[in-house]
Each structure stands twice: as structure tokens, then as C-alpha cells.
Amino acid sequence: VLTNKIGDHGRTLMKHLGLEPHLDLVFGARDFPFRKPAAEFTAEALHRLGETPDGACIVGDSPFDVRTGKNAGFPSFCVTTGTHNADQLRAAGATAVHPDLISLARGELAESASEFD
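What you see is a predicted model; the values in this text were computed from it and never measured.

Conventions we followed
- Residues numbered from 1 in each chain as written.
- Predicted model: local features only at pLDDT ≥ 70, side-chain atom pairs only at ≥ 80, totals over all residues.
- Heavy atoms only, no water.
- Helix = DSSP H or I, 4+ residues; strand = E, 2+ residues; numbered from the N terminus.
- Buried < 20%, exposed > 50% of the residue type's maximum accessible area, 1.4 Å probe, protein only.
- Contact = heavy atoms within 4.5 Å.
- Polar contact = N/O pair within 3.5 Å; in protein donor to acceptor, adjacent residues only side chain to side chain.
- Salt bridge = Lys/Arg side-chain N within 4 Å of Asp/Glu carboxyl O.
- Phe/Tyr/Trp six-rings, centres within 6.5 Å; stacked < 30°, edge-to-face > 60°.
- Arc of directions from axis to C-beta.

Draft legend 1. View of the environment of Asp100. With respect to the secondary-structure elements, Asp100 resides in the loop between β5 (96–98) and α5 (101–108). Assessed through its relative accessible area of 31%, Asp100 is described here as partly exposed. Residue contacts for Asp100: discarding those within four places in its chain leaves Val79 and Thr81. Of note is the side chain of Asp100, whose polar atom sits 3.2 Å from the backbone nitrogen of Ile102. At a separation of 2.7 Å, a polar atom in the side chain of Asp100 contacts the main-chain amide nitrogen of Ser103.

Draft legend 2. Representation of the pattern of salt bridges in the model. A full pass over the atoms with the stated rule returns five salt bridges. Note that Asp31 is salt-bridged to Arg11, the shortest N-O span being 2.9 Å. Here Asp31 is found in the loop between β2 (27–29) and α2 (39–49), whereas its partner Arg11 is found in helix α1 (residues 7–16), with 20 residues between them in sequence. Between Asp65 and Lys36 there is a salt bridge whose closest N-O contact spans 2.7 Å.

Draft legend 3. Here's a closer look at the packing of aromatic side chains. Tallied over the entire structure, the rule returns three aromatic pairs. Ring centres of Phe27 and Phe32 lie 6.0 Å apart, and the angle between their planes is 40 degrees; on these two criteria the pair is classed as tilted. Centroid distance Phe27 to Phe41: 4.9 Å. Interplanar angle 15 degrees. Geometry classified as stacked. Pair noted here: Phe27 is in strand β2 and Phe41 is in helix α2, with a separation of 14 residues, a long-range link. With relative accessibility at 1%, the residue Phe27 sits in the buried group. The exposure class assigned to Phe41 is buried, which follows from its relative accessible area of 0%. A network of ring pairs unites the aromatic residues Phe27, Phe32, Phe34 and Phe41 as a single cluster.

Draft legend 4. Region of the structure containing α1. All buried positions along α1 are accounted for by Gly7, Gly10 and Met14. All buried residues of α1 fall inside an arc of 60 degrees around its axis, so they share one side. Seen from the open side of α1, the exposed residues pointing more than 90 degrees away from its buried face are Thr12, Lys15 and His16. Considering only its buried residues, α1 is in contact with β1 (2–6) and β2. Of the residues one or two after α1, Gly18 is the one with positive phi, at around 80 degrees.

The structure is reproduced here in C-alpha cells:
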């Protein structure tokens, strides 16, 4: 998870939502000098995960997330569960827009889709 929320707050939120066991990294403000949409932010997250940009993507709900993906050279898959609608996300240049995370997983992450059935 990459967030501009203070990293400790993001980690507390993920724990509260029960997502912590499914995440390798929750990376936010104060964890590193850069924030989204800076390419350095995503590069540092990948470095900490021991991953490369190949096959990476951004999942988000705002034009800001789309810009983060563009700056990192990743596709950006968006959901309309935030404050921006599909037209706004498409206008920002989202690779694809879905109504929710389940739809996104089924549409974009085919290998993982069976987990959501």
C-alpha cells in the first residue's frame, strides 16, 4: 500500500480493516522524504519489496493515483469507490476503471480472480 497518509496511520488502518496479514508493505508519509506522485516514492517501495517495475501497477481511486502510475511507468487501474467518477478517472488517463475492487480483480488480475468467487 502506498499512501500519502502518515505511514503509521496507514498501517493502523490496514490492521483495523484486517488487511495487514495480506500486505507486504504499507508505505506512507514520514517513511521516506518523497510522496505520491513522485516516481521516487514508488521506486523506494519496490526496492524495499525486492521487486522490479516489471509487472507492477497502481490501484487507486483518484487522478492523483493515475499521475503516480504515469510517473512510475505503471498502468493505473482505478475504482470509483472514492470521490472521483469514472469519467474523471478516464480523463486523467487511467488504464482501466472499475466500480469496485472485486470487479477490478476479476477484470485485471485474472490469476487472483478465483479468490473472489
